[in-house]
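Structural overview
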2 protein chains.
Amino acid sequence: MARVERVLADEALFRQGDPPEAIFVVLSGEFKATQVTPEGDRVVVRLVGPGDLAGHVSMFCNTPYPATPLAMTESIALAWTHRDFTSLMARHPALSLAVIRNMAQAIENAHTRLREAATERVERRVAHALLRLIKQSGHRIDGGIEISFPITRHDIALMTGATLYTVSRILSAWEEQGIVSGGRRHLVIRAPHALMKIAEEEAPTK
Amino acid sequence: MARVERVLADEALFRQGDPPEAIFVVLSGEFKATQVTPEGDRVVVRLVGPGDLAGHVSMFCNTPYPATPLAMTESIALAWTHRDFTSLMARHPALSLAVIRNMAQAIENAHTRLREAATERVERRVAHALLRLIKQSGHRIDGGIEISFPITRHDIALMTGATLYTVSRILSAWEEQGIVSGGRRHLVIRAPHALMKIAEEEAPTK
DNA sequence: CGACCATTTGATCCCCATCAACTAAAGTGG
DNA sequence: CCACTTTAGTTGATGGGGATCAAATGGTCG
């Protein structure tokens, strides 16, 4: 019943504002779900990797797609129509549960980021973002952990609510300290432990 | 199969960090779901009103409760154990759908707030927050719309990622302009239209 | 090689957090 | 019913984190 959807890097699975025509499950690859504000600012609201759903919000609420999932690498996803997917869920209660579990994690993730955005300064938010990237798609290489898809300072800025300038400064400082390294659209975390310390360290003189 | 839970104002339905023992559906009243950071800062991640779920994230992921829902007024909720609720869902597919729909809205809401937190300045975020409050529990009175539960500047600050000082200044300014009015723990929006203008106005000289 | 994109780095500015002091309303207890 | 405390809110002064502007460098690709 499913349609297989193959998406090249930098292409969109669907577009923000379009009417919902399908719900997707990512099989391989990685997407960044970006929202555009009325003013034209962009934000990355979440990353969508293998096993994650996309388009579910619109599908179940019957609203236009709230974001545009851009493929960061060549990716493959399965697509169902609303009808097919709900009938599938009706026949397999385990599927409903899986959907719910996935959405629950998305909620928790979003709330965590909300909390970070409200209480933490940029450097720490970037540290959290990198740790999340590691967890979602880190790849061990000798001397560190590599982010397995091309990522720019600008992307990181959009994920943390900062500007690419500030992110660049932070990463430059970290590179000097040997915490990260990487070139153009490429990032390796050399000292995850140091990042965790930055991310969690108690604020001084509370 | 459900247990009826009655909660007085300023009491918690459950506490962040506790193991999940039930899932709740709010019948009446209003809760603010607050998260505490390791450093002790607090944030209101969402409002939970009639028809909304609480505790679902933990219940389905089997993780400790991620937040503490504090009752803003006396409230009533129904509680089910995990076992009872899943068996209920298995027997009534419509329930699964309702749960999914509610969670989808929570996700969209969280993403919207994320986007706002990342791109908008405080005044506009406060405007959005007030508009959301109106929508969720506004109550028409002559001369404006009243927020139907006690709310403090501090609460608004926790909802917008600002400080109570900044919120106080903004509301004072708005009060001078006749947009809002209200006293201690009490808020009336006199000119929702003006708020919408503040919330959506194009940034100057883009 | 030339055009474009990612990144870096410096200089400046301003929004808003922070600190501090004060007012006023609401409990509270004798 | 009145001192006393507590909690909510206001307002001024100050400083800093980070946005913004500007310009240069180095990688990639057609």
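Residues numbered from 1 in each chain as written. Chains lettered and ligands numbered in written order. Predicted model: local features only at pLDDT ≥ 70, side-chain atom pairs only at ≥ 80, totals over all residues. Heavy atoms only, no water.

1. Brief notes about the relation of the copies chain A and chain B
Its rotation angle being 180°, the transformation that places chain A on chain B also includes 0.0 Å of axial translation and leaves an RMSD of 0.1 Å. As the rotation angle and translation indicate, the two copies are arranged about a two-fold axis. When the interface residues of chain A are mapped onto chain B, 100% of them again lie at the interface, so the same face is used by both copies. (Least-squares fit on C-alpha atoms with pLDDT ≥ 70 in both. Contact = heavy atoms within 4.5 Å.)

2. Here's the deal with the packing of aromatic side chains
Applying the stated criterion across every chain yields a total of eight aromatic pairs over all chains. One aromatic cluster is present, formed by A:Phe14, A:Phe24 and A:Tyr65 through successive ring pairs. (Phe/Tyr/Trp six-rings, centres within 6.5 Å; stacked < 30°, edge-to-face > 60°.)

3. As for the protein's contact with DNA strand D
Around DNA strand D sit 17 residues, and of these A:Arg121, A:Val122, A:Thr166, B:Ser168 and B:Arg184 come closest. Among the atoms of DNA strand D lying within 4 Å of the protein, the sugar-phosphate backbone contributes 68%. For DNA strand D, a base nitrogen lies 3.2 Å from a polar atom in the side chain of A:Arg184. Taken together, the residues of the surface near DNA strand D break down into four nonpolar, six polar and seven charged. (Near = heavy atom within 4 Å. Polar contact = N/O pair within 3.5 Å; in protein donor to acceptor, adjacent residues only side chain to side chain. Nonpolar A, V, L, I, M, F, W, Y, C, P; charged D, E, K, R; others polar.)

4. Comments concerning the side chain of B:Ser58
Residues and elements named next belong to chain B. Tracing the sequence through the fold places Ser 58 in helix H1 (residues 56-61). Residue classification places Ser 58 among the buried residues on the basis of a relative accessible area of 0%. From its side chain, Ser 58 meets the backbone nitrogen of Tyr 65 in a polar contact 3.4 Å long. (Helix = DSSP H or I, 4+ residues; strand = E, 2+ residues; numbered from the N terminus. Buried < 20%, exposed > 50% of the residue type's maximum accessible area, 1.4 Å probe, protein only.)

5. Structural notes on the sheet that holds strand E10 (residues 180-181) of chain A
Taken in spatial order, the four strands make up an open sheet running E8-E9-E11-E10 (chain A), and their pairing is antiparallel. Edge positions in the sheet fall to strand E8 (138-141) and E10 of chain A, since each has one partner strand and no second. (Pairing = 2+ DSSP bridges.)

6. Describing helix H6 (residues 164-176) of chain A
Residue and element names in this part refer to chain A. The end-to-end C-alpha distance of H6, which contains 13 residues, comes to 18 Å, matching closely the 18 Å that a straight helix rising 1.5 Å per residue would cover. All of the buried residues along H6 are Val 167, Ile 170, Leu 171 and Trp 174. Taken down its axis, H6 places every buried residue within 95° of arc, on the same side. Turned more than 90 degrees from where H6 packs its buried face, Tyr 165, Arg 169 and Glu 176 sit exposed. Along its buried surface, H6 packs onto helix H4 (122-137), helix H5 (153-160), E10 and helix H7 (192-200). Positive backbone phi, approximately 75°, marks Gly 178, located one or two places after H6. (Expected span 1.5 Å × (residues − 1). Arc of directions from axis to C-beta.)

7. Digging into the domain arrangement of chain A
Residue and element names in this part refer to chain A. For chain A, the assigned domains are domain 1 (3-117) and domain 2 (121-200). Taking the mean C-alpha position of each, domain 1 and domain 2 sit 24 Å from one another. Summing both partners gives a buried area of about 1,300 Å² for domain 1 against domain 2, and 52% of it is carried by carbon and sulfur. Three residues stand out in domain 1 for area buried against domain 2, namely Leu 47, Met 72 and Glu 116, and they jointly supply 39% of the buried area on that side. Counting across the domain 1 and domain 2 interface gives two salt bridges. The interface formed by domain 1 and domain 2 includes four residue pairs in polar contact (both at pLDDT 80 or more). Elements that contribute at least two residues to the side of domain 1 that touches domain 2 include exactly strand E4 (42-48) and helix H3 (93-119). No other element matches H3, which puts five residues into the side of domain 1 that touches domain 2. Considered class by class, the residues forming the side of domain 1 that touches domain 2 number five nonpolar, three polar and six charged. (Domains from an automatic or database assignment. Buried area = accessible area lost by both parts, 1.4 Å probe. Salt bridge = Lys/Arg side-chain N within 4 Å of Asp/Glu carboxyl O.)

8. With respect to the protein's contact with DNA strand C
Close to DNA strand C lie 19 residues, the nearest being A:Arg153, A:Ser168, B:Arg121, B:Val122 and B:Thr166. Among the atoms of DNA strand C lying within 4 Å of the protein, the sugar-phosphate backbone contributes 65%. Here a phosphate oxygen of DNA strand C and a side-chain polar atom of A:Ser172 are 3.3 Å apart. A distance of 3.2 Å is found between a base oxygen of DNA strand C and a side-chain nitrogen or oxygen belonging to B:Arg169.

9. Considerations on the pattern of salt bridges
Residue and element names in this part refer to chain B. As enumerated under the stated definition, the model contains ten salt bridges over all chains in all. Across the pair Asp 155 and Lys 32 runs a salt bridge whose closest N-O atoms are separated by 2.7 Å. Within this pair, whereas Asp 155 is found in helix H5 (residues 153-160), its partner Lys 32 is found in strand E3 (residues 31-36), the two being separated by 123 residues in sequence. What makes Asp 155 buried here is its relative accessible area of 7%. Overall, Lys 32 belongs to the buried group, its relative accessible area being 14%.

10. Focus: the sheet that holds strand E10 (residues 180-181) of chain B
The strands making up a sheet are joined through hydrogen bonds of the backbone, oriented either antiparallel or parallel. Residues and elements named next belong to chain B. One open sheet holds the four strands; their spatial order is E8-E9-E11-E10, and the pairing between them is antiparallel. Each edge of the open sheet carries a strand with a single partner, namely strand E8 (138-141) and E10. For E10 and strand E11 (residues 188-189), the ladder comprises two bridges, and the chain directions are antiparallel. Note that in E11 the partner of Ser 181 across the bridge is Val 188.

11. A short note on unusual backbone geometry
For A:Arg185, which is not a glycine, the phi torsion comes out positive at approximately 55°. With respect to the helices and strands, the residue A:Arg185 is situated in the loop between E10 and strand E11 (188-189). Of the residues examined, A:Arg185 reaches a relative accessible area of 43% and is grouped as partly exposed. The backbone phi angle of B:Asp10 is positive, close to 70°, even though this residue is not glycine. By secondary structure assignment, the location of B:Asp10 is in the loop between strand E1 (3-7) and strand E2 (23-28).

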